[in-house]
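Listed below, chain by chain, are the residues.
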Amino acid sequence: MEQFTLPDDFFFGAAMSGPQTEGEWNTGGKLENLWDTWSQENLSDFYNRVGSYAGNAFMAKYQEDLRIMADLGLTTYRTSIQWSRLLDEDGNINPEGAAWYHELFRASREAGLECFVNLYHFDMPTFLFRRGGWESREVVEAYAAYAAKAFAEFGQEVKHWFTFNEPTVEPEQRFQAGVWYPKLHDFGRARVVQYHISVAHALATANFRAAQADGTVRADAKIGLINAFTPTYTRENPTPEDLEAVRMMGGINNRWWLDLITKGELPVDVLDTLAENGVHLPIRPGDAEILKQGVVDWLGCNYYHPTRVQAPASKVDEYGLPRFADEYVWPDAVMNESRGWEIYPEGLYDFGIDVRDNYPGLEWFVSESGMGVMDEHLHRGDDYRIEDPYRVDFVRGHLEALARAIEAGSPCKGYHYWGLIDNWSWSNAFKNRYGFVEVDLMDGYKRRLKRSADWLREVATTHVVK
Ligand code: BG6
């Protein structure tokens, strides 16, 4: 493969989240979140019975981890504040939680790293879930109040804020696909959750603007949204029904969020089709004005794999609910067998062109991209480091697609690798390892660079990709 370069001002960084790294799940006044509750109720749902408790020991090892990131040439990273750590049950600041995040942001600055701060990463506090979670408007208001508290507490320290990570995935995994607690199969309830998260995003963004206007938040701060974008494809020579499946799945997963953050609206064609199929959203008078405030400064795109769909064999699923698409299995797909996800770097190019053409002026960055692989400990070299050339191939392929999108005029500003340091992957726990840095669970969560880290350091420091 020929070498190529990325722009001088393009940033390289790492992506992670509070609940997957911090550990210390019940110390320092932290409340239970749904991962903690699920871990206690049914530990056997987690790979090797490793629940939410330990993360990757980041709270104990954050100074070392920040040093590793800086040493690899990274200049930015993203994590999330845990709602259940920052606030108590009355919605007041938990001083110990606030102290931890102040210390983390201080240490990040000292290490020369800009910390991007996300406010929600699938980590609903359990007591709020019991009050209805994202199906309840009261919880939507509670989230907006939480965001306001975070802006007030850290407004002078943080420059890059994000309201949500992957608001498309939470309804899908918890309410539709039955994968995450409470493991429901209800397309309609999933859309209610999706709608309420949209309102919550807009209310938090409005709070951010107000805090910036009165000087609580620094003048150079920006706010954004991070979503998992899955460019949606169908078979060659599609039927009109296949294209209809693309319209609805791309509409629910992608356009919904892109329209919200650029126009302050939800796509009318999607809402109409949902209503025609009996899926009604809990829209209140005045919501249109609230959603208008959801326009943000820039976007984070998490990209792992495309979505391939075709016309559904039946318009009703096995639970009697509407079904808009079936999966289309593309015969040429290259798979990451460990995770069951297709590897398709070209999707990143296509996303970049979609932004350029349909959302002009929207700046964005790759907020997550990564490859999780099973049994990596079997790939140790003579010096005990893991040999992972497949990770270099994966990242190089995605950066190459990105470089072409930038060359074609898409305003992509940077790339954050997901799981730079192996972390806890929800119910998959530590099954698939994403890191350029190994976390050795047999040796006190010891950090050890994998071979690919040498390549990453060169790319991040030179911006030349070989
Ligand atoms: C993204 C999430 O969906 O993908 C991360 O933002 C997650 O939280 C990552 O860990 C990789 O997926 P998984 O399920 O393999 O951990």
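Described below are features of the structure shown in this document.

Some points on the sheet that holds strand 10 (residues 326-327)
With respect to topology, three strands assemble into an open sheet ordered 7-9-10, the strand pairing being mixed. Each end of this open sheet is capped by a strand with a single partner; those strands are strand 7 (232-233) and strand 10. Looking at chain direction, strand 9 (residues 307-310) and strand 10 are connected through two bridges and run antiparallel. Along strand 10, the bridge assignment pairs Gln-310 with Asp-326.

Examining helix 11 (residues 268-276)
What helix 11 keeps buried is the set Val-270, Thr-273 and Leu-274. Looking down the long axis of helix 11, one finds its buried residues gathered within 100° of arc, a one-sided arrangement. Facing away from the buried side of helix 11 by more than 90 degrees, the exposed set consists of Val-268 and Glu-276. On its buried face, helix 11 is in contact with helix 9 (187-213) and helix 10 (240-263). Gly-278 occupies a position one or two residues after helix 11 and carries a positive phi of about 85°.

Re the packing of aromatic side chains
Two aromatic rings are characterised by how far apart their centres lie and by the angle between their planes. Overall, the coordinates contain 52 aromatic pairs when judged by the stated rule. On the numbers, 5.7 Å between centres and 75° between planes, the contact of Phe-11 with Phe-116 is edge-to-face. Placement of the pair is Phe-11 in strand 2 (residues 11-15) and Phe-116 in strand 4 (residues 114-118), with a sequence separation of 105 residues. Neither Phe-11 nor Phe-116 differs from the other in exposure class; each is buried. The interplanar angle of 20° and the centroid separation of 5.9 Å between the aromatic rings of Phe-46 and Trp-424 together place this pair among those described as stacked. You can see Phe-46 sitting in the loop between helix 2 (34-41) and helix 3 (58-71) and its partner Trp-424 sitting in the loop between strand 15 (412-418) and strand 16 (432-433), a full 378 residues away along the chain. Note on accessibility: Phe-46 and Trp-424 belong to one class, buried. Above the face of the Phe-187 ring, Arg-191 is positioned so that its terminal group lies 4.6 Å from the ring centre. The aromatic ring of Trp-341 is capped on one face by Arg-339, whose charged end is 3.9 Å from the ring centroid.

Let's talk about the pattern of salt bridges
Here the idea is simple: oppositely charged side chains can pair when their charged atoms come close. Scanning the entire structure with this criterion turns up 42 salt bridges. For the salt bridge of Glu-363 with Lys-222, the shortest nitrogen-to-oxygen distance reads 3.8 Å. A residue pair is termed long-range when its members are at least 10 positions apart, and Glu-363 in strand 13 (residues 363-368) and Lys-222 in strand 6 (residues 222-228) qualify at 141 residues. Look at Glu-363 and you get partly exposed, because its relative accessible area is 28%. By relative accessible area, which is 24% here, Lys-222 ends up partly exposed. Shared partners join several salt bridges into a network, and the residues in it are Glu-376, Asp-388, Arg-391, Asp-422, Arg-433 and Lys-450.

Some details on the site of the ligand
What surrounds the ligand is a group of 14 residues, the closest being Gln-20, Glu-166, Arg-339, Ser-425 and Tyr-434. One of the side-chain N or O atoms of Trp-426 is found 3.0 Å from an oxygen atom in the ligand. Within the contact set of the ligand, an oxygen atom lies 2.5 Å away from a side-chain nitrogen or oxygen of Tyr-434. Each residue belonging to the shell around the ligand can be placed in one class, and the counts come to six nonpolar, five polar and three charged.

Structural notes on the side chain of Gln-310
With respect to the helices and strands, the residue Gln-310 is situated in strand 9. Setting aside residues up to four positions removed in sequence, Gln-310 forms contacts with Thr-234, Arg-235, Asp-242, Ala-245, Ala-325, Asp-326, Glu-327 and Tyr-328.

Analysis parameters
- Residues numbered from 1 in each chain as written.
- Predicted model: local features only at pLDDT ≥ 70, side-chain atom pairs only at ≥ 80, totals over all residues.
- Heavy atoms only, no water.
- Pairing = 2+ DSSP bridges.
- Helix = DSSP H or I, 4+ residues; strand = E, 2+ residues; numbered from the N terminus.
- Buried < 20%, exposed > 50% of the residue type's maximum accessible area, 1.4 Å probe, protein only.
- Arc of directions from axis to C-beta.
- Contact = heavy atoms within 4.5 Å.
- Phe/Tyr/Trp six-rings, centres within 6.5 Å; stacked < 30°, edge-to-face > 60°.
- Lys NZ or Arg CZ within 6 Å of the ring centre and 35° of its normal.
- Salt bridge = Lys/Arg side-chain N within 4 Å of Asp/Glu carboxyl O.
- Near = heavy atom within 4 Å.
- Polar contact = N/O pair within 3.5 Å; in protein donor to acceptor, adjacent residues only side chain to side chain.
- Nonpolar A, V, L, I, M, F, W, Y, C, P; charged D, E, K, R; others polar.

By themselves these figures say nothing about function.
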